[in-house]
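Structural characterization, general
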Amino acid sequence: MLELKNVKKVYHVGEDITALNGVSIGFGQSGLVSILGPSGCGKTTLLNVIGGLDEYDSGDVIVKGKSTKAFKSADWDAYRNNCIGFVFQGYNLISHQTVLKNVEVALTLSGISKSQRTSRAKKALEDVGLGAHLNKKPSQLSGGQMQRVAIARALVNNPEIILADEPTGALDSKTSVQIMDILKEISKEKLVIMVTHNKDLAQQYSSRIINMLDGEIHSDSEPDSSQSSSSEGIISGFKKTSMSIITAIGLSFSNLMTKKGRTFLTSLAGGIGIIGIALVLALSNAVTLNVKKREDAMVAGSSISISETGTSYNAFNNTALEKYPTTDAISVYDPTGAGNENAHFNNITAEYIAYIEKMKSEIGDSINSIEYDRKVKTIAFIKHGDSVVDITGKLRDYNLPSDPDKFSKMYSLIGQNSKIPTAKNEIVISVDKYNRIDKSVLDILGINKDDVKSANDLIGKTIMKVANNDDYYVKKDDIFEPIDGQQRQKLYNSGKMLELKVVGVVRAKKDFENAGNVVRSGIAHTDQLSDYLIENSLKSKIVLAQKSSDFNVLTNVKFKNEAEKEQAIRELGGRELPSEMSIYPASAKGSKEIVSYLNAYNEGKNEKDKIIFEDFGSQRMAVIQQTTSMVTGVLISFSAISLIVSSIMIAILTYVSVMERTKEIGILRSIGARKRDVSRLFNAETSIIGFISGVIGIVSTLLLTVVLNPVMVSMMSGESGDSYMVLDPVHAVLLIILSVVITVIAGFIPAKMASRKKPVEALRTE
Ligand code: ADP
Ligand code: MG
């Protein structure tokens with residue numbers, strides 16, 4: 001059955017300790033062999049070598065006629081699982097598992113089905129008289145009962161050899177006898193090799209007694225039996241042990257279930273790390289979302305503007321000059337852009353205006369409104385008590401979006417009688433975000449501030465009348481003069497003036513508070529009024545005169561340049577085309593579309609025919625984006641840090657909990673678990689913990705975001721519907737996977753280390 005040939009084993013601990021000094025011995029198929037000898041003579045070492053828990057240095061152990069010299073680790077595992085059953089003095093039961101599970105575990109390695117496992121384990125336990133204690137934990141049993149569990153575990157795989165190292169060493173004499181009876185019974189069919197201190201028991205029960213001294217066989221009651229094994233000559237491999245992944249997961253799961261509190265705490269600790277990352281991610285998601293919203297608002301509130309004088313901002317910066325030069329050369333520039341060689345004159349033609357108007361139908365959704373500015377000084381009178389006051393030039397021709405949808409997008413109507421102006425004689429008064437009106441606006445309109453308490457006090461009033469150039473300007477010698485007070489009165493009452501009526505009070509919406517010129521001017525009207533005024537003034541005498549003179553027809557002063565003359569013509573309503581326009585995009589995306597639409601116009605055009613524009617929104621957005629990318633950068637670093645911290649935390653936790661169970665690993669190895677099975681078991685366990693950690697982390701984060709979101713919203717002065725903390729579902733899933741991966745990696749190394757340990761060393765760990 002089993003034969004040792006000149007087996008030597010030396011321990012190297014500082015000095016060399018020879019535990020086995022050339023042991024040659026053979027064992028038969030059955031019988032109870034007792035090994036006696038003083039402490040430290042090598043009995044345990046001998047048993048461990050026989051059982052494959054420890055390696056021998058030289059000599060050979062022949063099992064069923066097969067040399068074990070060339071045995072690989074897997075062969076030893078299979079050998080332990082198939083051939084050997086161990087019974088230790090200290091029982092070596094897995095304390096957190098039930099009695100039944102402790103016995104069953106040996107069978108899981110032999111690839112036996114679950115139901116078979118249970119019934120065989122039950123049978124083995126019944127055989128040793130423990131049928132009534134299946135579901136107890138080892139700690140609830142007496143020493144004798146625990147040893148019987150160990151015997152049941154040793155027997156359950158039906159091995160040929162039972163190795164028992166001082167099985168009664170920790171038991172009282174009565175219990176010892178019970179255990180010896182069981183071993184004796186077993187030895188009828190199997191070989192039982194028992195190390196003991198108890199000479200009496202050995203003599204009473206053994207079929208053979210071997211005495212050891214200083215690592216050598218001192219005496220043997222049956223020395224000849226050593227011959228019997230070699231004659232057997234059966235060389236057969238052992239059935240390799242293996243544990244399926246499913247079994248591993250099942251085992252790990254029930255393992256974890258036996259220590260719910262602990263599993264939960266470990267997972268919670270890991271989960272806290274995940275919460276950290278998830279919260280930071282949620283926060284940065286929220287930042288991104290909000291930035292997008294704000295960008296849209298910002299872009300919507302800032303215009304893309306085109307003006308004839310080109311863009312002074314660009315002209316200001318558009319220079320080939322070196323920044324922060326080290327030379328003492330100084331150059332001169334004109335910030336108005338005039339005379340600046342880089343300044344560009346935009347020749348806004350009818351064709352261009354048509355192109356802009358076409359944009360409304362092509363990418364209408366990208367645009368909130370287009371405001372044209374023709375810079376006309378509207379001729380207007382108001383009645384102040386009995387006298388008619390001239391307010392010409394006080395009213396600028398800013399116009400409102402004519403599309404009601406676009407109008408409502410940018411402006412709110414205040415007061416129940418307010419309406420959107422649609423006709424040329426309809427005007428609106430604008431208020432700011434506090435519903436205030438500039439007093440000077442009321443002054444211009446001749447309205448007493450005490451008479452204005454609500455929007456409805458303004459609506460329906462006819463507050464001014466506008467006149468044509470020819471009715472207003474009279475030629476005197478070389479210059480034109482406005483009519484005097486008396487004529488004004490006459491004109492006002494003549495019915496030749498157009499009456500303007502206030503039809504509404506408007507307020508720019510939140511995102512547009514900085515937007516419209518309309519809002520800043522206090523009074524706004526429709527395009528129709530501009531068209532009407534310009535139509536009349538184009539043919540007026542004063543305009544015709546001004547167009548053909550290089551002197552200002554009102555002051556008789558010579559114009560310094562063409563631009564000045566142009567300005568004068570415009571103010572008199574002498575130009576049909578606007579000199580300036582502001583395009584308000586509907587969103588950040590819309591802004592890009594508008595920009596590319598405007599750029600498309602310039603394609604293939606000469607430099608001087610190009611129309612350049614200024615994109616304030618994008619300029620402001622660039623600043624925001626810089627800040628945002630900084631904030632995002634900070635948040636990303638935070639989540640990276642919390643990722644590292646929590647990885648380390650999870651790693652340490654897993655490491656500790658795996659290390660703690662080295663003994664369990666030793667037990668598993670002693671009953672034939674391969675290194676791989678052990679790793680697999682622990683990996684399955686750590687992935688379950690990692691998964692629970694991840695789920696705890698995500699669920700807690702979701703709960704936290706519910707609580708924290710309103711706090712953040714109020715802290716960052718957002719609106720109640722805003723989401724400042726939202727966890728992206730993709731991130732949630734990724735974090736759970738991450739948690740599993742980190743935990744498995746963290747557990748992998750200590751599990752590997754523990755499984756690499758020699759079983760005998762692992763067993764010795766407390
Ligand atoms: P016994 O079981 O007969 O009391 P052991 O087989 O345990 O004796 O030990 C035999 C000798 O080997 C002793 O001197 C012991 O100190 C030594 N020994 C046993 N195991 C180790 C070990 N892991 N490392 C170093 N020395 C050991
Ligand atoms: Mg010993």
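So, here's what we can say about the structure. Values in this document were obtained by computation on a predicted structure and should not be read as measured data.

Turning next to the sheet that holds strand 7 (residues 161-165). By definition, the strands of a sheet pair up through backbone hydrogen bonds, in either a parallel or an antiparallel sense. Strand order in the open sheet made by the six strands is 6-7-8-3-9-10, with mixed pairing throughout. The open sheet has two edge strands, strand 6 (84-87) and strand 10 (216-220), and neither has a second partner. When strand polarity is set aside, the average angle formed by the axes of neighbouring strands in this sheet is 20°. Here five bridges tie strand 3 (residues 31-36) to strand 8 (residues 191-195), and the two strands are oriented parallel to one another. Directly across from L32, in strand 8, lies its bridge partner V192. Helix 1 (residues 43-51) contacts strand 3, strand 6, strand 7, strand 8 and strand 9 (208-213) of the sheet and is inclined by roughly 155° relative to strand 7. Along the sheet, helix 6 (residues 173-186) makes contact with strand 3, strand 7 and strand 8, crossing strand 8 at roughly 145°.

Relative to strand 10, strand 9 runs antiparallel, the two sharing four bridges. Each bridged residue has a counterpart across the sheet, and for M212 the counterpart in strand 10 is I217. Hairpin connection of strand 9 to strand 10: two residues between the antiparallel strands, including D214 at a positive phi of 50°.

With 14 residues, helix 4 (residues 114-127) should cover 20 Å at 1.5 Å per step; its first-to-last C-alpha distance of 20 Å lies within 8% of that length. For helix 4, the full list of buried residues reads R117, T118, A121, A124 and L125. Buried positions in helix 4, seen along its axis, are confined to an arc of 130° and lie on one side of it. Of the exposed residues in helix 4, the ones pointing more than 90 degrees away from its buried face are S115 and D127. Considering only its buried residues, helix 4 is in contact with helix 3 (99-108), helix 5 (143-156) and helix 9 (245-257). The positive-phi residue at the C-terminal boundary of helix 4 is G129, with phi of around 80°.

Take S252: it is sitting in helix 9. A polar contact of 3.0 Å, which involves the side chain of S252, links it to the backbone oxygen of L681. Beyond its immediate stretch of four places on either side in the chain, S252 contacts L681, A684, E685 and I688.

In the vicinity of ligand 1, 13 residues are found, and the nearest of them are G40, K43, T44, T45 and R764. A distance of 2.7 Å separates an oxygen atom of ligand 1 from a polar side-chain atom of T44. Side-chain polar atom of R764 to a nitrogen atom of ligand 1: 3.0 Å apart, as the coordinates give it. When ligand 1 sits alone it has 550 Å² of accessible area, and the protein chains cover 71% of it.

We now examine the nonpolar core. If you look at the biggest cluster of nonpolar residues, it comprises 90 residues, and the most contacted ones within it are L2, L4, F27, Y79 and I193. Top contributing element to this core by residue count: helix 5, with eight residues. Counting the residues that make up this core, at least three belong to each of domain 1 (2-240) and domain 2 (252-295 + 623-764). Among the nonpolar cores identified, the runner-up in size contains 25 residues, and I447, V452, L458 and L498 belong to it.

In spatial order, the strands read 12-22-11-23; together these four strands make up an open sheet with antiparallel pairing. A single partner strand is all that each edge strand has here, and the edge strands are strand 12 (367-373) and strand 23 (614-615). Both strand 11 (residues 304-307) and strand 23 contribute to a ladder of two bridges, which runs antiparallel. From the neighbouring strand, I304 faces strand 23, where its bridge partner is D615.

Parameters at a glance
Residues numbered from 1 in each chain as written. Chains lettered and ligands numbered in written order. Predicted model: local features only at pLDDT ≥ 70, side-chain atom pairs only at ≥ 80, totals over all residues. Heavy atoms only, no water. Pairing = 2+ DSSP bridges. Helix = DSSP H or I, 4+ residues; strand = E, 2+ residues; numbered from the N terminus. Axes fitted to C-alpha atoms, helices over the stretch in contact; angles between N-to-C directions. Contact = heavy atoms within 4.5 Å. Expected span 1.5 Å × (residues − 1). Buried < 20%, exposed > 50% of the residue type's maximum accessible area, 1.4 Å probe, protein only. Arc of directions from axis to C-beta. Polar contact = N/O pair within 3.5 Å; in protein donor to acceptor, adjacent residues only side chain to side chain. Near = heavy atom within 4 Å. Areas by Shrake-Rupley, 256 points an atom, 1.4 Å probe, with all protein chains shown as cover. Core = buried A, V, L, I, M, F, W, Y, C linked by side-chain atoms within 4.5 Å. Domains from an automatic or database assignment.

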